[in-house]
Amino acid sequence: MQTTHLSVLGHDVQRVVTPLETGEFDADRVRLVRDEADPEQGRDPDECAAGKMRTRARVARTVSTTFASHLGFAPDEARLPFDAPFAELYAATTDLLRESVADGRVEVNLTSAPPQVAAAFYAARTALVDDGAADHDAITLITVPADERLDLAALADLRTVVSDVETARAAVDEFETVANGSVATAVARPLRIALADLRDALADARGDTRGSRRRPSYTRDDSTLDTMSAYVGRAREQLADIVDGDQPQPDPADTRDPTAVLDAIDSWLDAETVLLSPVEDDPRALLARFRESCEARFGKFEDDATIALFEAMARFETHLDAYIDTRTALADGYAPVSDAMETLTDSADEAADRLDELRNVGVARGETSLSLDGHSLSPLGDLEALVLHVLTTGPPRSRPRTRRAVTANLRERAEHHGIVAGARDDETWSSFETFCVDVARNGENGDAFEKRLSNALRPRIDVAVEALLANGYVRIRQRETGRDTLEPTDSAKLWSKTTDWDDFRETVVDDVLRDSVERELD
């Protein structure tokens, strides 16, 4: 007889695949039950609209791939109108179960099912069994209780932080591009102008007027002999340069040609384009070599061109010092920013990878399957169940009134334990029973306990209410005046009708009470 495994898809992954992956259940056919509005089977999540559709497509792909890898065959799909009116959803669910059970046994994993879908499966199974269309054990509804639950709000905050880091990284990259581009060019411009002036001054001092902005002037009160001596000296230097020009490009450190040294400085400036990094090769040694070469060549002359050459050299040296100091200050200031940004980016990348892993696992993790014979909803946390009990057994309440009703239930249960224990010898009381006896016998102590309990449970009850709202067990009724109230949905009412309240009090309520008392005693 064939066994069909129906996995209702929502946001969970790990708990959906666990029953088959661990071998706890076996199936001849696996079908993924998805919402009719979900993207088509095999759709690439990145091609879907961001948000719910992309998430559902990603879950479907991950679950399908996992099943195919583990079982050796790919699952097919069945579609239900998850968001349709309950009567329509119930009819479609009944048809799906009737079709599946006709081929053999059926297992339905409701771990990830929305509340109304879980309620529809429970009601459909009950109807088929009651009508004789299926044996009682032919359809098994299972869930995998959560051992761990993700803090969705914290994950959302972490995703925001990762996004903010990516935005900051992009802004820093843009800043680096601008700083090392147009800003670096602007900062280096005065130095380039000073270098051009120095090159022109060198040309004037050598008597080479080609490309010079000014012609050499010998109109000072020099004697004719001094003028002729300078002219002859420069002619000799030009001849030497012509001879040197036919030789291979010399090393600036080994040549007495000042033009070669200036070319080396020019090349250094062209290479130094990263404003936010320190200067790697200090050109001051080149400038010193240039000065020595000029002093050897022109130091014996005292005409205007020579004086202008050394003045241009002094100006260039001043600009060079300022440029190097600026680069050093910027590099020193930016280095810790760059290092911190790199570390932060690495951490954000690791966090993003971890978020992807968690997204592929789902919102919760669990290992052991549980058959759902008592009611249609997946097992709730104790405090969630207690809040839901309060809301399904009384009128709609605001959040504060809901909290007070929960603590009143816990106090009533503590008084019950105190009365029962008080009928026995006090030597047999446990610390829990001693506490409860005090609450039952002393009204003031009972009031104080209830007040402390309300304050202590407030954040946990708020989280429980948000979980019930998110899972569709509770909705908010807005009021024109006063506080909005909380009221149970049809799925919650169905859960209430199928719950054994005596067992509920002895398990869920007592577990919450004992946990609260232990916190008090600690």
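Analysis parameters
Residues numbered from 1 in each chain as written. Predicted model: local features only at pLDDT ≥ 70, side-chain atom pairs only at ≥ 80, totals over all residues. Heavy atoms only, no water. Axes fitted to C-alpha atoms, helices over the stretch in contact; angles between N-to-C directions. Helix = DSSP H or I, 4+ residues; strand = E, 2+ residues; numbered from the N terminus. Parallel < 35°, antiparallel > 145°, perpendicular 65-115°, else oblique. Left-handed = near helix turned anticlockwise from the far one by under 90°. Contact = heavy atoms within 4.5 Å. Nonpolar A, V, L, I, M, F, W, Y, C, P; charged D, E, K, R; others polar. Buried < 20%, exposed > 50% of the residue type's maximum accessible area, 1.4 Å probe, protein only. Arc of directions from axis to C-beta. Salt bridge = Lys/Arg side-chain N within 4 Å of Asp/Glu carboxyl O. Pairing = 2+ DSSP bridges. Right-handed = clockwise from strand over helix to strand, strands pointing away. pLDDT = per-residue confidence, 0-100. Patch = residues over 30% accessible without salt bridge, like charges linked within 9 Å, V, L, I, M, F, W, Y side chains within 5 Å. Areas by Shrake-Rupley, 256 points an atom, 1.4 Å probe, with all protein chains shown as cover. Lys, Arg positive; Asp, Glu negative; His and termini not counted. Charge placed at Lys NZ, Arg CZ, Asp CG, Glu CD. Phe/Tyr/Trp six-rings, centres within 6.5 Å; stacked < 30°, edge-to-face > 60°. Lys NZ or Arg CZ within 6 Å of the ring centre and 35° of its normal.

Let's talk about the packing of helix H1 (residues 14–21) against helix H2 (residues 52–71)
Interhelical geometry of H1 versus H2 gives an angle of 10° and a closest axis separation of 10 Å. As judged from the angle between their axes, H1 and H2 are roughly parallel. For the crossing formed where H1 meets H2, the hand is right-handed. Residues Val16, Val17, Leu20 and Glu21 of H1 form the contact with H2, whose participating residues are Val63, Thr66, Phe67, His70 and Leu71. Grouping the amino acids of the contact of H1 with H2 by side-chain chemistry returns six nonpolar, two polar and one charged.

Describing helix H14 (residues 490–497)
Along H14, the residues classified as buried are Ser491, Ala492, Trp495 and Ser496. Buried residues along H14 cover an arc of 145° about the axis, so they all sit on one side. Residues of H14 that are exposed and point over 90 degrees away from its buried face: Asp490 and Lys497.

Section: the pattern of salt bridges
On inspection of all chains with the given rule, the structure shows 27 salt bridges. Aspartate 263 is the salt-bridge partner of arginine 199, the closest N and O atoms lying 3.0 Å from each other. Of the two residues, arginine 199 is situated in helix H5 (residues 152–206) and aspartate 263 in helix H7 (residues 258–271); the sequence distance between them amounts to 64 residues. Taking relative accessible area as the criterion, arginine 199 reaches 25% and is therefore assigned partly exposed. Residue classification places aspartate 263 among the partly exposed positions, given a relative accessible area of 33%.

Here's the deal with the pairing of strand E2 (residues 29–35)
In terms of residue burial, E2 counts as a mostly covered element, since six of its seven residues are buried. As judged from the five bridges shared by strand E1 (residues 2–8) and E2, these two strands associate in the parallel manner. Each residue of the ladder has a partner; that of valine 8, found in E2, is valine 33. Following the backbone out of E1, through H1 and into the adjacent parallel E2, one traces a crossover that is right-handed.

With respect to the confidence of the model for the protein chain
Looking at the protein chain, the pLDDT average stands at 79 and 82% of residues meet or exceed 70. Contacts of residues 210–227 to residues separated by more than four positions or lying in other chains number 22 contacts, the stretch itself having pLDDT below 50. Counted against residues more than four places away or in other chains, residues 374–378, with its pLDDT under 50, gives 20 contacts.

Description of the packing of helix H10 (residues 382–392) against helix H11 (residues 399–422)
In the contact formed by H10 and H11, the axes pass within 10 Å of each other and the chain directions differ by 105°. One finds that H10 runs roughly perpendicular with respect to H11. Residues Leu383, Leu386, Val387, His389, Val390 and Leu391 of H10 form the contact with H11, whose participating residues are Thr402, Ala405, Val406, Asn409 and Leu410. Residues that form the contact of H10 with H11 fall into these classes: eight nonpolar, three polar and no charged.

Some points on the pairing of E1
Within E1, six of the seven residues are buried, which leaves it mostly tucked inside the rest of the structure. As judged from the six bridges shared by E1 and strand E4 (residues 104–109), these two strands associate in the parallel manner. The partner of threonine 4 across the bridge, within E4, is valine 106.

What about a negative patch on the surface?
Residues Glu166, Asp339, Glu342, Asp346, Asp349, Glu350 and Asp353 make up a contiguous surface patch of negative charge. Here the negative patch gets six residues from one element, more than from any other, and that element is helix H9 (residues 304–361). Relative to the assigned elements, aspartate 353 resides in helix H9. On the accessibility criterion, aspartate 353 (47% relative accessible area) is partly exposed.

Quick look at a positive patch on the surface
A grouping of Arg401, Arg404, Arg479 and Arg483 is seen on the molecular surface, where their side chains present a positively charged patch. Residue position: arginine 479 is located in the loop between strand E9 (474–477) and strand E10 (485–488). For arginine 479, a relative accessible area of 47% gives the class partly exposed.

Topic: the environment of proline 115
Locating proline 115 in the fold gives a position in helix H4 (residues 115–130). For proline 115, a relative accessible area of 7% puts it in the buried group. Along the backbone, proline 115 and tyrosine 473 are 358 residues apart, and their C-alpha atoms lie at a distance of 6.8 Å.

Quick notes on the packing of aromatic side chains
The full count for this structure, using the stated rule, is three aromatic pairs. When the centroid spacing of 6.0 Å and the interplanar angle of 45° are considered together, the rings of phenylalanine 175 and tyrosine 334 count as tilted. Residue phenylalanine 175 is located in helix H5, and its partner tyrosine 334 is located in helix H9; the two are separated by 159 residues in the primary sequence. Summarising the aromatic geometry, the rings of phenylalanine 435 and phenylalanine 449 are spaced 5.0 Å apart at their centres and angled 75° between planes, so their arrangement reads as edge-to-face. Linking phenylalanine 435 in helix H12 (residues 431–441) with phenylalanine 449 in helix H13 (residues 443–470), this pair joins segments that are 14 residues apart in sequence. What makes phenylalanine 449 buried here is its relative accessible area of 0%. A cation over an aromatic ring shows up here: arginine 514 above the ring of phenylalanine 432, its NZ or CZ 4.2 Å from the ring centre.

Concerning the environment of tyrosine 90
Mapped onto the elements, tyrosine 90 comes out in helix H3 (residues 86–101). In sequence terms tyrosine 90 and leucine 80 are ten residues apart; their C-alpha atoms lie 9.4 Å from each other. Beyond its immediate stretch of four places on either side in the chain, tyrosine 90 contacts Ala120, Ala123, Ala124 and Ala127.

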